[in-house]
Amino acid sequence: MPKLFSAQPATILAIDTSCDDTAAAVVKGRVVLANVVASQIQLHKPYGGVYPTIAKQAHLENWPATVSKALAQAQVDWSDLAALAVTVGPGLAPALEVGVTAAKQLALEHHLPLISVNHLEAHAWSSQVIAKPQAWLSLTPAQQAEISNLAEPTWPVLAVIVSGGNSLFVEITGFGKNRVLGKTLDDAAGECLDKVGRMLSLGYPAGPTVEDFAKLGDAKKFKFPLPMTTSDNFDLSFSGLKTHARNEIEKLIQVDKLDQAATYDFCAGLQTGVFRHLTHKLGKLLAFRAAVSGRAFSQVWLGGGVAANMALRQTLRTTLKPFGLKLSVPYNQRLCGDNAAMIGLVGGLKFSQGLIEKLPDKVERQPRLTIDN
Ligand code: KG4
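Predicted, not measured: the structure shown is a model, and the values here were computed from it.

Trainee: Explain unusual backbone geometry to me, please; I cannot follow it from the model alone.
Mentor: A negative phi angle characterises most non-glycine residues, just as the trans form characterises most peptide bonds. In this model, Gly89 is joined to Pro90 through a cis peptide bond whose omega is -10°. Checked against the element boundaries, Pro90 lands in the loop between β4 (83–89) and α3 (93–109). A cis amide bond links Tyr204 to the next residue, Pro205, at an omega of -10°. In this model, Gln75 sits at a positive phi of 55°, which is unusual for a non-glycine residue. Within the fold, Gln75 resides in the loop between α2 (52–74) and β4.

Trainee: Just to check I follow, could you spell out the pattern of salt bridges for this structure?
Mentor: Oppositely charged side chains are able to pair whenever their charged atoms sit close together. Scanning the entire structure with this criterion turns up eleven salt bridges. The salt bridge involving Lys56 is made with Glu97; its shortest N-O contact spans 3.5 Å. Here Lys56, found in helix α2, pairs with Glu97, found in helix α3; they are 41 residues apart in sequence, far enough to count as distant. Across the pair Glu248 and Lys251 runs a salt bridge whose closest N-O atoms are separated by 3.0 Å. Here Glu248 and its partner Lys251 are both found in helix α8 (residues 239–254), three residues apart, which amounts to about one turn of the helix.

Trainee: How do you make sense of the side chain of Ser116 when you look at a structure like this?
Mentor: Mapped onto the fold, Ser116 is located in strand β5 (residues 114–118). Of the polar contacts made by the side chain of Ser116, one reaches the side chain of Glu357; its length is 2.6 Å. If near-sequence neighbours (up to four positions away) are discounted, Ser116 is found in contact with Val86, Val88, Lys350, Glu357 and Val363.

Trainee: Looking at this structure, how should I read helix α6 (residues 189–199)?
Mentor: Count 3.6 residues to each turn of an α-helix, and residues three or four apart come out pointing the same way. Those residues of α6 that sit buried are Ala189, Gly190, Cys192, Leu193, Asp194, Val196 and Gly197. Of the surrounding elements, those touching the buried residues of α6 are β7 (157–162), β8 (167–174), α7 (207–216), α8 and α9 (260–293). In the stretch just after α6, Ser201 is the one whose phi turns positive, near 60°.

Trainee: Which parts of the structure should I look at to understand the pairing of strand β1 (residues 11–16)?
Mentor: Across a regular strand the side chains alternate sides, sitting on one face of the sheet and then on the other. Among the six residues of β1, six are classified as buried, and the element is accordingly described as predominantly covered. Residues of β1 alternate between two faces, with Thr11, Leu13 and Ile15 on one and Ile12, Ala14 and Asp16 on the opposite face, all of them buried. Pairing geometry for β1 and strand β2 (residues 21–28), over six bridges, is antiparallel. The residue of β2 that forms the bridge with Ile15 is Ala24. In this antiparallel pair of consecutive strands, β1 and β2, the connection spans four residues. Relative to β4, β1 runs parallel, the two being bridged by four bridges. Bridge assignment links Ala14 to a residue of β4, and that residue is Ala85.

Trainee: So what exactly am I meant to see when it comes to the packing of α8 against α9 here?
Mentor: When two helices pack together, you describe them by how their axes are tilted relative to each other and by the distance separating the axes. Following both chains from N to C, one finds α8 and α9 inclined at 165°, their axes separated by 11 Å at the closest point. Taken together, α8 and α9 sit at an angle that is classed as roughly antiparallel. The element α8 and its partner α9 pack so that their crossing is right-handed. Along its contact with α8, which presents Leu241, Ala245, Glu248, Ile249 and Leu252, the element α9 presents Phe266, Gly273 and Val274. The residue inventory of the contact of α8 with α9, partitioned by class, reads six nonpolar, one polar and one charged.

Trainee: Could you clarify how one ought to interpret the site of the ligand in this entry?
Mentor: Among the 17 residues in the neighbourhood of the ligand, the closest are listed as Gly164, Asp194, Glu211, Gly305 and Asn309. With respect to the ligand, the backbone of Gly165 contributes an N or O atom lying 3.1 Å from an oxygen atom. Contact distances for the ligand include 2.8 Å between a nitrogen atom and a side-chain N or O atom of Glu211. When the ligand sits alone it has 550 Å² of accessible area, and the protein chains cover 86% of it.

Trainee: Sorry, what's going on with the domain arrangement of the protein chain here?
Mentor: When the parts of a complex come together, some accessible area is lost, and that lost area is often used as the size of the interface. Each domain of the protein chain was delimited in the assignment, giving domain 1 (11–153 + 332–362) and domain 2 (163–328). Centre-to-centre, using C-alpha coordinates, domain 1 lies 28 Å away from domain 2. Listed per partner, the contact involves 24 residues of domain 1 and 19 residues of domain 2. Approximately 1,800 Å² of surface area, both sides summed, lies buried where domain 1 meets domain 2, with 66% of it carried by carbon and sulfur atoms. Our count for the domain 1 to domain 2 interface comes out at zero salt bridges. The biggest single contributor to the side of domain 1 that touches domain 2 is helix α4 (residues 119–125), with five residues.

Trainee: Could you clarify how one ought to interpret the sheet that holds β2 in this entry?
Mentor: Neighbouring strands of a sheet are bound in pairs by backbone hydrogen bonds; such pairs are parallel or else antiparallel. Spatial ordering of the open sheet is given by β5-β4-β1-β2-β3-β6, a layout of six strands whose pairing is mixed. Each end of this open sheet is capped by a strand with a single partner; those strands are β5 and β6 (130–131). In this structure, β2 lies alongside strand β3 (residues 31–39), joined through eight bridges in antiparallel fashion. Considered in β3, the bridge of Thr22 is made with Ala38. Sheet contacts for helix α11 (residues 341–352): β1, β2, β3, β4 and β5; angle to β1, the most-contacted strand, approximately 130°.

Calculation rules
Residues numbered from 1 in each chain as written. Predicted model: local features only at pLDDT ≥ 70, side-chain atom pairs only at ≥ 80, totals over all residues. Heavy atoms only, no water. Helix = DSSP H or I, 4+ residues; strand = E, 2+ residues; numbered from the N terminus. Salt bridge = Lys/Arg side-chain N within 4 Å of Asp/Glu carboxyl O. Polar contact = N/O pair within 3.5 Å; in protein donor to acceptor, adjacent residues only side chain to side chain. Contact = heavy atoms within 4.5 Å. Buried < 20%, exposed > 50% of the residue type's maximum accessible area, 1.4 Å probe, protein only. Pairing = 2+ DSSP bridges. Axes fitted to C-alpha atoms, helices over the stretch in contact; angles between N-to-C directions. Parallel < 35°, antiparallel > 145°, perpendicular 65-115°, else oblique. Left-handed = near helix turned anticlockwise from the far one by under 90°. Nonpolar A, V, L, I, M, F, W, Y, C, P; charged D, E, K, R; others polar. Near = heavy atom within 4 Å. Areas by Shrake-Rupley, 256 points an atom, 1.4 Å probe, with all protein chains shown as cover. Domains from an automatic or database assignment. Buried area = accessible area lost by both parts, 1.4 Å probe.

Printed below as a string of structure tokens:
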């Protein structure tokens, strides 16, 4: 089976500062040697969302130690690295700037090629990363190369990215060949969970709490509408669900009925409503593609912060089953949210194709970068 990397996958240091996590990782091909994330959640909690200038300051303070920790955990030196990969976008401009500037500086200092990575493309590929096998260091270079390489999938693959900033369906027809088939027109799924969670005083980010509370509630108590049923495209919209939630919460508050039990039920209803919209559109997309071209995708890859949610995985699997499709998910929670291991995987793939920056000092942040090409 053809492989995606060159025969000997390179060891890459990757950096991501696209939002509120300062992340550094060392990967060899698809194998994660270290994946370090310095979270800023506690700093942003009082604001109920990410505060850009605070994020920038925290990235500036955190990146040197995060990079050192990643190298130490991976047990590699600068001389073992073949290249440095960095997220250039999309993301928060002041946050991206820190990572890009740091990566340029490190690449120059250590004479390493620089690779620009699209954060969304990395989320799309995040399920393809694997954990470092036991006894990695005692394996021969040939054994390491075999494990760290990645068999080329049968294309096309469908990537479903569900995070706090994005919700989209992407068709991948080869590495770097991405086409958006549907995307949110307003809020992202995670953003909707976070915003409604804020109305319910669940803290920030609310997504994980919504998942926990939903397990204790009855989804039938609060029904959410199914958005965009009459549109014949595969775009998404979560803002209507948010407005519906606000109205219902206000009604509950007025009659003093927003107690703990109602909050659990509300979370169950909200989560069901958000995921029902996503899977409804996904089912529509798969049915359309199957009708047009038989079995349209070989696999479905899930990525993004909300991919950590077990109910989402379950409902996606149920949607995929009639189409004979399996869902690939990131191997641990850290790979769902923002992280640099996924940046390293894509960086390594670009490196093996010679896609390094020819003018590294000219590399700039691209806050509005899209995954389409
Ligand atoms: O990919 P990510 O780390 O970054 C952004 O895109 O900002 O995703 C963060 C999002 C947040 O909205 C968070 O609430 C959501 O992922 N999230 C979850 C869960 N874990 C994180 N949503 C639902 N269930 C979870 N278990």
